[in-house]
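# Structural features, examined
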Amino acid sequence: MQSLLRQSHRLSCCLPSAQIHTTAVHRTFWEREKKSGYKTKLPEPSKKQLIIDGLRDLKKEIKLWRQEVKEQLESDPILVFRPGETDIVFDFKAPDVLDKWTVTTDADHGEGRSSATLELSAAGAGLFHGEVNSQHTKDGIIKRTGYANIRTKRVRKSFKREATYDWTQYNMLVMKVRGDGRSYLINLHTEGYFDLMWNDIYHYVLYTRGGPHWQIAKIPFSKFFLSSKGRVQDRQSAIQLNCVTHFGFSVAAKKGMDGPFGLEIDYVGLEYDPSHREEFAYEMYKTPKYIVAT
Amino acid sequence: MFNNSSKILFITMMIIGTLITVTSNSWLGAWMGLEINLLSFIPLMSDNNNFKSTEASLKYFLTQALASTVLLFSVILLMLNNSMTIEINNSFTSMIILSTLLLKSGAAPFHFWFPNLMEGLTWMNALLLMTWQKIAPLMLISYLNLKNLLLISVILSVIIGAIGGLNQTSLRKLMAFSSINHLGWMLSALMINESVWMIYFLFYSFLSFILTFMFNIFKLFHLNQLFSWFMQSKVMKFTLFMNFLSLGGLPPFLGFLPKWIVIQQLTFCNQYFQLMILLMSTLITLFFYLRICYSAFMLNYYENNWVISTQINNFSMKLYLICTFLSIFGLFMISMFYSMF
């Protein structure tokens, strides 16, 4: 899973007196930073270097901005659903595609011993492979570990402004993958504006077949469920397709499944299927007041 | 999430808030009404199970609270300088009050929160935000005597409303930019006469209501859905697009009448520069409405072969048809009545 249960630094559950906490407990939703404690401390370049980098990128950014203005004024959006056509969003055939993905494991912050890499395989697809290991130093803070993820970088407009993907015209996620039989987790990050929503991720499982044949997995967006920091939320709703910020896969050493893993991804695309009329797969029952946060 | 009694409470308080603002005889009473309105509209907005609506209500609260704070500050400044009721040519205080009221109503250059917020709301809440929430700030703007800043805001609103709506596919954002454009027209009507802006506001609310009502019934949120949803009744599709054109201000539909009145009054006041900018930007908004309409009428689209069941019942259908009739033939009827009496 993407995050693990740090016993002391998570929100305590609704039984206040049932646990004895040996370290500080956070009873708030407030987040100091977007990465919520998992920010890698990279050395910041000097101010002079920042200015030089900025000036070097200026020409590129102005060109991007001019393209955006031109697109806005030309204003020729696709006004119709195209059923059956898959539009590819993430393709591993482009030249510098590996720069757009980030690989993280639990070893990055000293929480475990897994290792993972993303490289181009012999078949011309992206190969996410490595080893998950659920062994960790028993320091009382970490309860379980053993995970590895890949995630795309945040999509940006001109002048490095953060943007979102707009997938409202589609209702299915289509992936051509070749796995090793493990179940991977597909993560659709919908990072919000406020800190409460910084960790909103929609998950679904990708069951792979293993074996030498490629599989095309078609998953409707209505099946994705919401979680925040690894905890599936009580109050669920369908994903907002114009707020998607990152896309990623995760693999974990859950229930003793330590060992090597490999996921080959040819492309990730989107499709509109008119026969899929489901809006959301999970029903929110009407519960008595104050039982589930509504 | 709400049962109906909470909704009734919040809607009642929202109406009361606006009425307090409109009927108050001091700026403090007006501010009070605006606050009551804000506080009761926020729970209406976050009613959905959807997370975008929570974010929208938070953003709405932040912008409106900022505006209210600065408004209260400037009201106190007004009181220190003059009296609470009349502001005598103190353009600095008037400018601050006008800025805050423009922020509250969503006019450019204070419009940045508006389209993003509309994206997260249900259609009925969006309708309230576009129509009812504009009454109080606009009424207060009409008490001010500041032409320059208002003129800047009018010109910026119509231009931004026109250009911003150009490449939009989301219907809510489209209506938001259209609302900003119409707000520019309403502000220029405000500078002329109180009756003119009220007439414009009434017609605009009526047309927005028709469109929003239809979008709500058919659960349309995206432009692509507009084209592929009307296979069982072509008449409904046709009338919906007629309403779109009416909102855009195309004669001979009803939406042209308020614009006609404003244009006439502006020519009487010799405000030709302002008028030219208003007309040019309206043509741009009309362009993107027309593009949607001619695509729907003349091009061939994929349509489902099976009937999609909708929530439309007899009453809704009757209401929609009556309103559409008024929207399409309203101008002729009004002209007929005017010439008869």
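Residues numbered from 1 in each chain as written. Chains lettered and ligands numbered in written order. Predicted model: local features only at pLDDT ≥ 70, side-chain atom pairs only at ≥ 80, totals over all residues. Heavy atoms only, no water.

## Some points on the overall build of chain B
Put simply, the test is: Numbering goes from the N terminus for both helices and strands, where a helix is a DSSP run of H or I of at least four residues and a strand is a run of E of at least two. Radius of gyration means the value over C-alpha atoms here, while the globule rule gives 2.2 Å times the residue count to the 0.38 power. Burial here depends on accessible area, computed with a 1.4 Å probe over protein chains only, as a share of the maximum for the residue type. Under 20% is buried, over 50% is exposed, and the range in between is partly exposed. By definition, residues are in contact when any of their heavy atoms lie within 4.5 Å. A 1.4 Å probe and the Shrake-Rupley method give the accessible areas. Residues count as covered only by the protein chains that appear here. Neither His nor the chain ends contribute to the count of charged residues, in which Lys and Arg are positive and Asp and Glu negative. In plain terms, the charge of a residue is placed at NZ if it is Lys, CZ if Arg, CG if Asp and CD if Glu.
Scanning chain B from N- to C-terminus turns up 15 helices and 0 strands. Relative to its length of 341 residues, chain B is compact, with a C-alpha radius of gyration of 20 Å against a globular reference of 20 Å. If you line up chain B on its principal axes, its C-alpha atoms span 70 × 50 × 40 Å. Sorting the 341 residues of chain B into buried and exposed places 57% on the buried side. Long-range contacts, defined as pairs at least 24 residues apart, comprise 76% of the intrachain contacts of chain B with a sequence gap of at least 6. Accessible surface computed for chain B: about 14300 Å², of which carbon and sulfur atoms make up 71%. For chain B, the separation between the mean place of its 14 positive charges and that of its 7 negative charges on side chains is 10 Å.

## A few points about the overall build of chain A
Scanning chain A from terminus to terminus reveals 1 helix and 13 strands. In sequence order, chain A lays out its α and β elements as α-β-β-β-β-β-β-β-β-β-β-β-β-β. In chain A, buried positions account for 42% of the 294 residues. Considering only contacts in chain A between residues 6 or more positions apart, those separated by 24 or more positions represent 73%.

## Describing helix α12 (residues 234–248) of chain B
Residue and element names in this part refer to chain B. Threshold: Given a helix with a known number of residues, its expected span is that number minus one, times 1.5 Å.
The terminal C-alpha atoms of α12 lie 21 Å apart, and with 15 residues this matches the ideal 21 Å at 1.5 Å per residue to within 8%. Across the 15 residues that make up α12, a large majority, 12, are buried. Where α12 is buried, its residues contact α9 (171–192), α10 (194–218), α11 (223–228), α13 (256–268), α14 (272–298) and α15 (314–340). Of the residues flanking the end of α12, it is G249, one or two places downstream, whose phi is positive at about 90 degrees.

## So, the pairing of strand β10 (residues 225–228) of chain A
Residue and element names in this part refer to chain A. Threshold: At least two bridges found by DSSP between two strands are what make those strands a pair.
Burial along β10 is two-sided: F225 and S227 and L226 and S228, pointing in opposite directions, are all buried. Relative to β10, strand β8 (residues 200–207) runs antiparallel, the two sharing 4 bridges. From the neighbouring strand, Y202 faces β10, where its bridge partner is L226. In this structure, the hairpin formed by β10 and strand β11 (residues 231–232) is closed by a connection of 2 residues, where K229 is found at a positive phi of approximately 55 degrees.

## With respect to the interface of chain A and chain B
How we decide: Buried area is understood as the total, over both parts, of accessible area removed when two parts are fitted together, assessed with a 1.4 Å probe. In what follows, salt bridge is the name for a side-chain nitrogen of Lys or Arg lying within 4 Å of a carboxyl oxygen of Asp or Glu. The classification used treats Ala, Val, Leu, Ile, Met, Phe, Trp, Tyr, Cys and Pro as nonpolar, Asp, Glu, Lys and Arg as charged, and all other residues, Gly among them, as polar.
Every contact between the two is made by 33 residues of chain A and, on the other side, 33 residues of chain B. Between chain A and chain B, the buried area comes to about 2800 Å², and carbon and sulfur atoms account for 59% of it. Among the residues of chain A in contact with chain B, A:L79, A:F194 and A:R235 are the three that bury the most area, contributing 23% of the side total. At the boundary of chain A and chain B, one finds 0 salt bridges. The element contributing the most residues to the side of chain A that touches chain B is helix α1 (residues 47–74) of chain A, with 3 residues. Among the residues forming the side of chain A that touches chain B, the class breakdown is 16 nonpolar, 11 polar and 6 charged.

## Things to note about the confidence of the model for chain B
Condition: Here pLDDT means the predictor's own confidence in every residue, given as a number from 0 to 100.
Taken over all residues, the pLDDT of chain B has a mean of 89, while the share at 70 or more is 93%. Listed scores for the predicted complex are pTM 0.90 and ipTM 0.85.

## Re the environment of B:L254
Residue and element names in this part refer to chain B. Here L254 shows up in the loop between α12 and α13. A sequence separation of 77 residues divides L254 from L331, and the C-alpha atoms of the two residues are 5.0 Å apart. Filtering out sequence-adjacent residues up to four positions away, L254 remains in contact with F203, F206, S246, L326, S327, G330, L331 and I334.

## Some thoughts on the nonpolar core
Definition in use: We define the nonpolar core as a collection of buried residues of types Ala, Val, Leu, Ile, Met, Phe, Trp, Tyr and Cys that are connected through side-chain atoms lying within 4.5 Å of one another.
Core analysis: the largest hydrophobic core is formed by 101 residues, its most contacted members being B:F215, B:L226 and B:F244. In contact with B:F215, other than residues within four places in its own chain, are B:W123, B:L171, B:M175, B:L220, B:L226, B:L240 and B:F244. In this structure, A:F92, A:W167, A:I186 and A:F249 belong to the second largest nonpolar core, which totals 39 residues.

## Things to note about the packing of α10(B) against α12(B)
Residue and element names in this part refer to chain B. Where we set the bar: The convention used is that axes are lines fitted to C-alpha atoms, helices contributing only their stretch in contact, and that angles between N-to-C directions extend from 0 to 180 degrees. In a left-handed crossing the near helix is turned counterclockwise from the far helix by less than a right angle, and in a right-handed crossing that turn is clockwise.
In the contact formed by α10 and α12, the axes pass within 10 Å of each other and the chain directions differ by 145 degrees. Taken as a pair, α10 and α12 cross one another with a handedness that is left-handed. Contacts from Y204, L207, S208, I210, L211, M214, F215 and F218 in α10 reach M236, L240, N243, F244, S246 and L247 in α12. Counted by class, the contact of α10 with α12 contains 11 nonpolar, 3 polar and no charged residues.

## Focus on unusual backbone geometry
Residue and element names in this part refer to chain B. Residues A108 and P109 are joined by a peptide bond in cis, for which omega reads 0 degrees. Residue P252 follows P251 across a cis peptide bond; omega there is 0 degrees. Unusually for a residue other than glycine, K219 sits at a positive phi of about 55 degrees. Following the sequence through the fold, K219 ends up in the loop between α10 and α11. The class of K219 is partly exposed, set by a relative accessible area of 41%.

## A word on the packing of aromatic side chains
Where two aromatic rings form a pair, the distance of their centres and the angle of their planes describe that pair. The cut-off we apply is this: Any pair of Phe, Tyr and Trp rings, taking the six-membered ring for Trp, is counted once the centres come within 6.5 Å. Such a pair is stacked with planes under 30 degrees apart, edge-to-face with planes over 60 apart, and tilted for the rest. In this scheme, the term charge over a ring applies when either NZ of a lysine or CZ of an arginine sits within 6 Å of the ring centre and within 35 degrees of the ring normal.
Enumeration over the complete set of coordinates arrives at 31 aromatic pairs over all chains. Their ring planes at 25 degrees and their centres at 5.4 Å tell us that B:F209 and B:F213 sit as a pair that is stacked. With B:F209 and B:F213 both in helix α10 and 4 residues apart, the pair spans about one turn of that helix. Grouped by ring-pair contacts, the aromatic residues A:F90, A:F92, A:W101, A:Y165, A:W167, A:Y204, A:F221, A:F224, A:F247 and A:F249 constitute a single cluster. Seen from the ring of A:W214, A:K176 lies directly overhead, with NZ or CZ sitting 5.6 Å from the centre. Positioned above the aromatic ring of B:W185, the side-chain terminus of B:K259 is 5.4 Å from the ring centre.

## Points about the pattern of salt bridges
All names here are of chain A. Applying the stated criterion to the full structure yields 18 salt bridges over all chains. Between K229 and E31 there is a salt bridge, with its nearest N and O atoms 2.7 Å apart. Placement of K229 in the loop between β10 and β11 and of E31 in the segment before α1 is noted, with a sequence separation of 198 residues between them. Exposure remark for K229: the relative accessible area of 24% places this residue in the partly exposed category. Linking K34 and E191 is a salt bridge whose minimum nitrogen-to-oxygen distance equals 3.2 Å. Of this pair, K34 sits in the segment before α1 while E191 is found in the loop between β7 (183–189) and β8, placing the two residues 157 residues apart along the sequence. Given the relative accessible area of 34%, K34 is considered partly exposed.

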